[in-house]
Protein chains: 2
Amino acid sequence: MKIRELQRILDKNKLDFALFYNLGMETNPNMIYFSGYSGLGALIISKNKKSFLIVPEMEFEKAKNSMIKKVYSMDKKKFFESIYSIIKKNKIKSKKIGIDNNNFTLNSYKHFKKQFRGVKIKGISLDCLKLRQIKTEKEVQIIKKAFNYGNKILSKTIIDFKDFKTESEVAGFLEYESKKLGLGISFSPIVASGSNGSMPHYEPRNVKLKKGFCVIDFGIKYKGYNTDCTRTIYLGKINNKEKQIYNFLLDIQRNIIKNIKIDGNCGKIYGNCVKDLKNYSRYFIHGLGHGIGVEIHELPNLTLNSKDKIRENMVFTIEPGIYIPKRFGIRIEDTVLMRKKLDILTKVSKDLLII
Amino acid sequence: MKIRELQRILDKNKLDFALFYNLGMETNPNMIYFSGYSGLGALIISKNKKSFLIVPEMEFEKAKNSMIKKVYSMDKKKFFESIYSIIKKNKIKSKKIGIDNNNFTLNSYKHFKKQFRGVKIKGISLDCLKLRQIKTEKEVQIIKKAFNYGNKILSKTIIDFKDFKTESEVAGFLEYESKKLGLGISFSPIVASGSNGSMPHYEPRNVKLKKGFCVIDFGIKYKGYNTDCTRTIYLGKINNKEKQIYNFLLDIQRNIIKNIKIDGNCGKIYGNCVKDLKNYSRYFIHGLGHGIGVEIHELPNLTLNSKDKIRENMVFTIEPGIYIPKRFGIRIEDTVLMRKKLDILTKVSKDLLII
């Protein structure tokens, strides 16, 4: 996506090329975004020449199947030595280059400097995040398809919920249904029952589902793009106060979504949510939402004092929550796409389901 | 694990404390190793004071359940500002500190420097890797239990293999069986049938299993520790030449394992494998093995020219392979534990299974 826009940024900043790399088991989001390739290696995007990948021999065939058709095998033992030598072969200048400072470790920089002596660097991670926060039509189509999958799997899981005995069975089912369709997952699913629900990033365990609220936070990965949706259901006999608090949060969540407008200020949207939560605001212990794309957390940030603005073709979450330590948690999260009008991508029912 | 050994390293290098952090969705292996905590935040290990965690409010309850009982909530908007202020409160000197250079980005360093003005840093990632490569008795017990789980799941999958129609069904089943038991996975399982097998890091798709060799590479995560095992089975009617090549590789793999001795040189072990592979060595396109622990790839490296030595209580893989582009792949991978005598942890049969 948007290689030309990146080249314009390189040009504006007088950068000869942009370098993205991935040395570990995790993937580099910018590499996926600009090339579609998610393996080990490096991606070079030059200001005015053809982009190319440099990958270990074992990844060559996989890289050839990506959007970038020019692929080199690493020809030296050392990673940055290979990159340097192939850049020289391609007669690409390297006086000043753009690097992905959010995905560039101090250790890599040490090795990089040994090869690229005297070369100036400039961090371009924020520029890339800003490019990525506005989705192209092609991305919107992929993202919509991704949410179709994600919605179906989550709905199916919730409908069949009485079949599950443990938290990890639910999480396992969510992953299995995804995998069967050839999909990845955005993150390890969260299934937090009863008092476990008060930990927003709780990891499900092989324990019996507790009575009370159960928070299910789940997303799939399709063609590199993530989805994200949380629903809270209730297991067992609910009392009136519990019903009220769920519906109180649901009304707030719906109201926030209803009021989102293009050019809206994200810090203000967060602040309004805190106001709406009244006495419960001290139990709301995370941001209200985040952009989503090739990374699960991207721009914009819907957090305290954020200066980000809502723009057309942004995709982001709205996920207020109430967490009372050692008692319970409730979170209701939608992902929305900002068009002329706002489009809710997570189409799983939010009415409280009691099982 | 080994906090005291780390403190000795700090002392030797005149470092006031070690700082590990995790800002993203991925986990920091050293943070898990020293604290058992895998969420967002920072871990401070001082030379002579109590270790503590600094985490966002939403992770507080989870952090309290880790091995580190002293936990602070971040009290400032900015990550490194919070860390700086809590370190000052604890009256810990910060003239020179140890940082995890393999898990410290250039962007974080920029923010870090703003708070820790004039503070000297020293990378200690390699020291940590060296500590981690020799497993303690406690780790060995966890790792053995982890492999018990991993072996059972992989064996079950292979025995029931005829029930699967697609690559992603197999991968999904492996993940589901893990999750049901409350286990994580080491990496997204590889199920590469037919010609897909020639890509060592192939990602399984929702496609019918092809006839021929099928490479299955799978590991689970238990209490932070990873397992790793690859088996290659055959789907359909096999011919003699295919049988021969499988058994040729199996003999080599068994022979390598038989000859591993304490103090053995890892580069030499790799070199011997290449020699044994004769004409097929050009189709062996990755390292022979790697250490494994809280990370899937650790020290020692069994690769070309590696100077690493085999020591007692190391845990590492032996995984020769033959990959013929567009035709097939075979890989046979065991994980072994070096005791006085070598102990093979992956107890799934290696005899060629034809389905």
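Residues numbered from 1 in each chain as written. Chains lettered and ligands numbered in written order. Predicted model: local features only at pLDDT ≥ 70, side-chain atom pairs only at ≥ 80, totals over all residues. Heavy atoms only, no water.

A. Quick peek at the environment of Leu353(A). Residues and elements named next belong to chain A. Residue placement: Leu353 occurs in the segment after strand S19 (342–344). Spatially, the C-alpha atoms of Leu353 and Arg231 are 9.5 Å apart, while their sequence positions differ by 122 residues. With sequence-adjacent residues up to four places away left out, Leu353 is seen in contact with Ile158, Ile233 and Tyr234. (Helix = DSSP H or I, 4+ residues; strand = E, 2+ residues; numbered from the N terminus. Contact = heavy atoms within 4.5 Å.)

B. Just the state of the cysteines, in detail. All names here are of chain B. Summed over all chains, the structure comprises zero disulfides over all chains. Not engaged in a disulfide, the cysteine Cys128 finds its nearest cysteine sulfur in Cys266; these two sulfurs lie 20 Å apart. Here Cys128 falls in the buried class, since its relative accessible area comes to 0%. Cys214 provides the cysteine sulfur closest to Cys229, a residue in no disulfide bond, and the two sulfurs are 14 Å apart. (Disulfide = S-S within 2.5 Å. Buried < 20%, exposed > 50% of the residue type's maximum accessible area, 1.4 Å probe, protein only.)

C. Layout of the environment of Ser193(A). Residue and element names in this part refer to chain A. With respect to the secondary-structure elements, Ser193 resides in strand S8 (residues 190–193). Discounting residues that sit within four places of it in the chain, Ser193 has contacts with Glu167, Lys208, Leu209, Lys210, Phe213 and Cys214. A distance of 2.9 Å separates the side chain of Ser193 from the backbone nitrogen of Lys210, its partner in a polar contact. (Polar contact = N/O pair within 3.5 Å; in protein donor to acceptor, adjacent residues only side chain to side chain.)

D. Geometry of the packing of aromatic side chains. On inspection of all chains with the given rule, the structure shows 45 aromatic pairs over all chains. Each ring, one from Tyr33(A) and one from Phe34(A), has its centre 5.1 Å from the other, and the planes form 80°; the classification is edge-to-face. Both residues of the pair, Tyr33(A) and Phe34(A), count as buried. Measuring from ring centre to ring centre gives 6.0 Å for Tyr109(B) and Phe112(B), while their planes differ by 20°; the resulting arrangement is stacked. With Tyr109(B) and Phe112(B) both in helix H5 (residues 106–115), this residue pair falls three residues apart, about one helical turn. Relative accessible area serves as the criterion here: at 21%, Tyr109(B) is assigned to the partly exposed category. Take Phe112(B): its relative accessible area is 1%, and that puts it in the buried class. An aromatic cluster is defined as three or more aromatic residues linked by ring pairs; in this entry it consists of Tyr21(A), Phe79(A), Phe80(A), Tyr84(A), Phe104(A), Tyr109(A), Phe112(A) and Phe116(A). (Phe/Tyr/Trp six-rings, centres within 6.5 Å; stacked < 30°, edge-to-face > 60°.)

E. Structural view of the sheet that holds strand S10 (residues 220–222) of chain B. All names here are of chain B. Sheet architecture is open: three strands sit in the order S7-S10-S11, paired in antiparallel fashion. Lying at the two open borders of the sheet, with one neighbouring strand each, are strand S7 (184–185) and strand S11 (225–226). Relative to S10, S7 is paired through two bridges, and the arrangement is antiparallel. When the bridges of S10 are listed, Gly184 appears paired with Lys221. Together, S10 and S11 form the strand contacts of helix H7 (residues 137–159), whose direction differs from that of S10 by roughly 145°. (Pairing = 2+ DSSP bridges. Axes fitted to C-alpha atoms, helices over the stretch in contact; angles between N-to-C directions.)

F. How the structure looks around the pairing of strand S15 (residues 315–318) of chain B. Residues and elements named next belong to chain B. Burial along S15 is two-sided: Val315 and Thr317 facing one way and Phe316 and Ile318 facing the other are all buried. Here S15 pairs with strand S18 (residues 334–338) via four bridges, running antiparallel. Within S18, the residue paired with Thr317 across the bridge is Thr335.

G. Molecular detail of the interface of chain B and chain A. Each side of the interface is counted separately: chain B has 49 residues, and chain A has 49 residues. Looking only at chain B, the three residues that lose the most surface to chain A are Met58(B), Leu106(B) and Lys179(B), adding up to 18% of its buried area. Between the two partners, chain B and chain A, sit four salt bridges. Inspection of the chain B/chain A interface yields 20 residue pairs in polar contact (both at pLDDT 80 or more). (Buried area = accessible area lost by both parts, 1.4 Å probe. Salt bridge = Lys/Arg side-chain N within 4 Å of Asp/Glu carboxyl O.)

H. Representation of the confidence of the model for chain A within the structure. Chain-level pLDDT for chain A is 95 on average; 100% of the residues reach the 70-or-more range. Both scores are available for the predicted complex, with the pTM at 0.88 and the ipTM at 0.82. (pLDDT = per-residue confidence, 0-100.)

I. Broad picture of the relation of the copies chain B and chain A. Expressed as a screw operation, the relation of chain B to chain A combines 0.0 Å of axial shift with a rotation of 180°, fitting to an RMSD of 0.0 Å. Those values place the two copies in the arrangement expected of a two-fold rotation axis. In terms of C-alpha distance to the rotation axis, chain B has Thr105(B) as its closest residue, with the C-alpha 2.1 Å off the axis. Mapped onto chain A, 100% of the interface residues of chain B again fall at the interface, so both copies present the same surface. (Least-squares fit on C-alpha atoms with pLDDT ≥ 70 in both.)

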